Amino acid sequence: MLRFIYDGSFDGFLSVIYNCYYNKIPKSIEREDSYNLDMLFEDDFIITDTVESNKVSKAIVEKISKVTLIHVYKSFLSETQGIELKLLEYIQMGFRLGSKINDYLTNEIVNEIQRYSNKVGTEAHRFLGLVRFQEFKGILYAPIEPTYNIVELIGNHFKERLTNENWIIHDVKRKIGIVYENNEWILRDLKFEKLESHEAEELFYQNLWKVFHKSVSIKERSNEKLQMQNMPKKYWNNLIEMK
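The paragraphs below set out a description of the structure included in this document. (Residues numbered from 1 in each chain as written. Predicted model: local features only at pLDDT ≥ 70, side-chain atom pairs only at ≥ 80, totals over all residues. Heavy atoms only, no water.)

Once that is clear, we can look at the overall build of the protein. Looking only at helices and strands, the protein has eight helices and eight strands in total. Looking at the protein as a whole, 44% of its 243 residues are labelled buried. For the protein, restricting intrachain contacts to residue pairs at least 6 apart in sequence, the fraction spanning at least 24 positions comes to 66%. As presented, the protein carries roughly 14500 Å² of accessible surface, and 51% of it is formed by carbon and sulfur atoms. (Helix = DSSP H or I, 4+ residues; strand = E, 2+ residues; numbered from the N terminus. Buried < 20%, exposed > 50% of the residue type's maximum accessible area, 1.4 Å probe, protein only. Contact = heavy atoms within 4.5 Å. Areas by Shrake-Rupley, 256 points an atom, 1.4 Å probe, with all protein chains shown as cover.)

Right, let's talk about helix α4 (residues 83–97) for a bit. Along an α-helix, a turn takes 3.6 residues, which lines up residues three or four apart on a common side. In this model α4 runs 21 Å from its N-terminal to its C-terminal C-alpha over 15 residues, within 8% of the 21 Å that 1.5 Å per residue would give. Residues of α4 that are buried: Ile-83, Glu-84, Leu-87, Leu-88, Tyr-90, Ile-91, Met-93 and Gly-94. Where α4 is buried, its residues touch β1 (2–6), α1 (10–22), β2 (28–31), α2 (50–63), α3 (66–77) and α5 (108–127). At the C-terminal side of α4, Gly-98 shows a positive phi close to 75 degrees. (Expected span 1.5 Å × (residues − 1).)

Quick look at the sheet that holds strand β8 (residues 184–189) now. With mixed pairing, the five strands of this open sheet are ordered in space as β4-β5-β6-β7-β8. The sheet terminates laterally at β4 (134–136) and β8, the two strands that pair on one side only. Between one strand axis and the next, the sheet turns by 25 degrees as a mean value, whatever way the strands run. Pairing analysis gives three bridges linking β4 to strand β5 (residues 139–144), with the strands arranged antiparallel. Residue pairing for β5: Glu-135 is matched across the bridge by Leu-140. (Pairing = 2+ DSSP bridges. Axes fitted to C-alpha atoms, helices over the stretch in contact; angles between N-to-C directions.)

As a further point, take the packing of α2 against α4. Contact geometry for α2 and α4: axes closest at 9 Å, N-to-C directions at 45 degrees. Taken together, the axes of α2 and α4 lie oblique to each other. Judged by the sense of rotation from one axis to the other, the crossing of α2 with α4 is left-handed. The residues of α4 that touch α2, namely those facing Ala-59, Ile-60 and Lys-63, are Ile-91, Gly-94 and Phe-95. Looking at the contact of α2 with α4, its residues break down into four nonpolar, one polar and one charged. (Parallel < 35°, antiparallel > 145°, perpendicular 65-115°, else oblique. Left-handed = near helix turned anticlockwise from the far one by under 90°. Nonpolar A, V, L, I, M, F, W, Y, C, P; charged D, E, K, R; others polar.)

What follows is about the packing of aromatic side chains. This model, assessed by the stated rule, comprises 11 aromatic pairs. Ring geometry for Tyr-21 versus Phe-95: centroids 5.8 Å apart, planes at 85 degrees, classification edge-to-face. On the criterion of sequence distance, the pair formed by Tyr-21 in helix α1 and Phe-95 in helix α4 is long-range, its members being 74 residues apart. Ring geometry for Phe-133 versus Trp-167: centroids 6.3 Å apart, planes at 70 degrees, classification edge-to-face. Taken as a pair, Phe-133 in the loop between α5 and β4 and Trp-167 in strand β6 (residues 166–171) lie far apart in primary sequence, 34 residues in all. Overall, the relative accessible area of 0% leaves Trp-167 in the buried class. (Phe/Tyr/Trp six-rings, centres within 6.5 Å; stacked < 30°, edge-to-face > 60°.)

Roughly 570 Å³ of internal volume is contained in the largest pocket. Considering the residues around the largest pocket, the lining is formed by 19 residues, among which Gly-8, Arg-31, Glu-79, Asn-149 and Ile-176 are closest to the centre. Elements with a minimum of two residues in the lining of the largest pocket: α3 and β8. For the lining of the largest pocket, the element with the highest residue contribution is β8, accounting for three residues. (1 Å grid on protein atoms, 1.4 Å probe; cavity = no way out; pocket = protein on both sides within 12 Å on 5 of 7 lines; lining within 4 Å. Points joined across faces, edges and corners; volume = space filled by probe spheres on them.)

Below you can see the structure in the form of structure tokens.
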């Protein structure tokens with residue numbers, strides 16, 4: 001049985017899709033940082049090629065739709081076990097059916113891909129209001145721990161709102177982040193643990209924010225269930241006002 005191994009990047013995955021159309025279809029697609037040797041498989045290591053990945057993304061947009069490419073990208077960011085093979089099937093269907101593929105909601109694969117795409121999109125939108133920056137000698141730093149790999153999806157939002165600042169949003173769990181300077185942000189490996197500022201001015205403003213948050217809260221109108229829906233407890237670890 002054939003197995004494709006790739007580097008875990010989206011360009012790498014699209015390179016896998018490219019190879020699927022010019023070689024045999026694999027029985028498994030796995031990331032090189034998590035696969036295990038298995039004598040049942042014949043492993044083929046796919047090298048990431050941006051020329052190939054660009055051809056695939058262009059073909060998806062032109063022969064299926066831009067919406068389909070967005071669903072592919074967001075679903076890929078869910079990092080769900082086995083998502084690669086499901087996306088391969090979804091893309092194959094798309095090339096057969098064209099843009100109407102996304103109307104086939106009774107199809108298990110179409111339904112599942114759209115469901116993961118929506119979950120990732122929802123979490124990315126939620127984090128637009130959940131990122132809390134601390135200041136480290138003129139650099140703004142924010143640790144986050146999202147369920148999905150959404151850090152790239154929120155970069156442009158903060159670029160527009162913090163244009164004149166230097167900042168970092170750090171996905172602590174995945175040890176990656178976006179670093180913004182000189183009006184551009186890039187995705188980088190950040191191989192360090194979560195940082196906590198101990199600068200006096202930063203601690204002063206953190207305490208001020210906590211006092212403000214407490215002062216505007218109305219105890220009689222507290223709705224913990226609604227609060228948990230909008231701001232799940234799994235995110236509280238990085239919210240200054242919840243510490």
